[in-house]
Amino acid sequence: AESFKAPDSVTEIGDNAFYDSSVRALEFSSRLSGIGTSAFEDCKGLTSFRAPEADVRVGASAFAGCTSLSVFDGRIALAAVNAFSETALTEVVFSEPPEGLGQHAFENCTALESVVLPEGYEGEIPAYCFAGCTELRRIDLGGTTSVDDFAFFGCRRLHQAELPSVQSIGEAFAACAVLREVTFPNAVRVEEGAFSGCAGLLSAELAAGATVGASAFEGCALLSGFPSAISSAGERAFAGCAALKEI
């Protein structure tokens, strides 16, 4: 088993530095601040990456395809496009707050169970960011203001979503069949198909006067109502919502 411990003087890891290598364990100091594009991409045997107390900007595809990576000991300051896609991470810790998240950043991380973003994060959850995270059960998006299309697509075990600062939701949670409760009291726009096929959804809290797009809650058979009145609803917005009594 190959391991690598870097000297404390190392603050950056360059592009493709360990691409497709046989390294299994990596350790860096708290001075590490950046990991380049594809730095560890396709390191199939890599199981752990440790940079305790470091705030790390992780470049595009830096760990993509590291299918055995279950430990990332460090705070994520930035996760660029595909940064951790198809890894075995069970949890992630973000800086206070992170700079941003890229599309597909954690896509198909099938062991990831929860995501908690700091209140100070005021960015977006981009398209496919957590799509295919089949073990994801709970999310708290902190200060996130928007959630883009397919951000949580295929998260079939997601049952609780707290979106306290979100104002706009795209087709982000379609087919999250066991999602039970969604809290987004500041949401003013729920886009087309946002929660379509969420057959287990019981309640949804959104801002008074919010607009609801076409098919936004279609097929949410158990949805029973909203605490606040909405201003408009698109075509088939509530089709198949058999338990809905009033809006």
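Residues numbered from 1 in each chain as written. Predicted model: local features only at pLDDT ≥ 70, side-chain atom pairs only at ≥ 80, totals over all residues. Heavy atoms only, no water.

Observations regarding the overall build of the protein
Thinking step 1. Each helix and strand counted, the protein has zero helices and 18 strands in total.
Thinking step 2. Its C-alpha atoms give the protein a radius of gyration of 19 Å, within 12% of the compact-globule value 18 Å for 247 residues.
Thinking step 3. C-alpha atoms of the protein, sized along the principal axes, occupy 65 × 30 × 20 Å.
Thinking step 4. Long-range pairs, those at least 24 residues apart, make up 16% of the contacts in the protein between residues at least 6 apart in sequence.
Thinking step 5. Total accessible area on the protein is roughly 10,200 Å²; 46% of this is exposed by carbon and sulfur atoms.
Thinking step 6. Each charge sign in the protein was given a centre, from 15 positive and 33 negative side chains, and these centres are 6 Å apart. (Helix = DSSP H or I, 4+ residues; strand = E, 2+ residues; numbered from the N terminus. Rg over C-alpha atoms; globule rule 2.2 N^0.38 Å. Contact = heavy atoms within 4.5 Å. Areas by Shrake-Rupley, 256 points an atom, 1.4 Å probe, with all protein chains shown as cover. Lys, Arg positive; Asp, Glu negative; His and termini not counted. Charge placed at Lys NZ, Arg CZ, Asp CG, Glu CD.)

Things to note about the side chain of D140
Thinking step 1. The residue D140 is located in strand β10 (residues 138–140) in this model.
Thinking step 2. A distance of 3.1 Å separates a polar atom in the side chain of D140 from the backbone nitrogen of G142.
Thinking step 3. Ignoring anything within four residues of it in the chain, the contact list for D140 reads V115, V116, L117, E162 and P164. (Polar contact = N/O pair within 3.5 Å; in protein donor to acceptor, adjacent residues only side chain to side chain.)

What to know about the nonpolar core
Thinking step 1. In terms of nonpolar packing, the biggest core is built from 79 residues, with F173, F195 and F217 touching the most fellow members.
Thinking step 2. No other element matches strand β5 (residues 48–58), which puts five residues into this core.
Thinking step 3. When near neighbours in sequence (up to four residues on either side) are disregarded, F195 contacts I169, F173, L179, V182, F184, V190, L201, A216, F217, E218 and C220. (Core = buried A, V, L, I, M, F, W, Y, C linked by side-chain atoms within 4.5 Å. Buried < 20%, exposed > 50% of the residue type's maximum accessible area, 1.4 Å probe, protein only.)

Focus on the packing of aromatic side chains
Thinking step 1. Under the criterion given, the structure shown has 22 aromatic pairs.
Thinking step 2. On the numbers, 5.8 Å between centres and 80° between planes, the contact of F63 with F72 is edge-to-face.
Thinking step 3. Take F63: its relative accessible area is 0%, and that puts it in the buried class.
Thinking step 4. On the accessibility criterion, F72 (9% relative accessible area) is buried.
Thinking step 5. With a centroid separation of 5.6 Å and an interplanar angle of 0°, the aromatic rings of F217 and F238 are classed as stacked. Residue F217 is found in the loop between β17 (211–212) and β18 (232–233), and its partner F238 is found in the segment after β18; the two are separated by 21 residues along the sequence. (Phe/Tyr/Trp six-rings, centres within 6.5 Å; stacked < 30°, edge-to-face > 60°.)

Points about the pairing of strand β14 (residues 181–184)
Thinking step 1. Of the two faces of β14, only one is covered, namely that formed by V182 and F184; the face formed by E181 and T183 stays uncovered.
Thinking step 2. The sheet contact formed by strand β12 (residues 160–162) and β14 spans three bridges and is parallel. Looking at the pairing, A161 lines up with V182 of β14.
Thinking step 3. Across four bridges, the pairing between β14 and strand β16 (residues 203–206) is parallel. Bridging across to β16, E181 finds its partner in S203. (Pairing = 2+ DSSP bridges.)

Section: the confidence of the model for the protein
Thinking step 1. Per-residue confidence for the protein gives a mean pLDDT of 94; residues scoring 70 or more make up 99%.
Thinking step 2. The secondary-structure element of the protein with the lowest mean pLDDT is β16, recorded at 86, while strand β4 (residues 34–35) shows the highest, at 98. (pLDDT = per-residue confidence, 0-100.)

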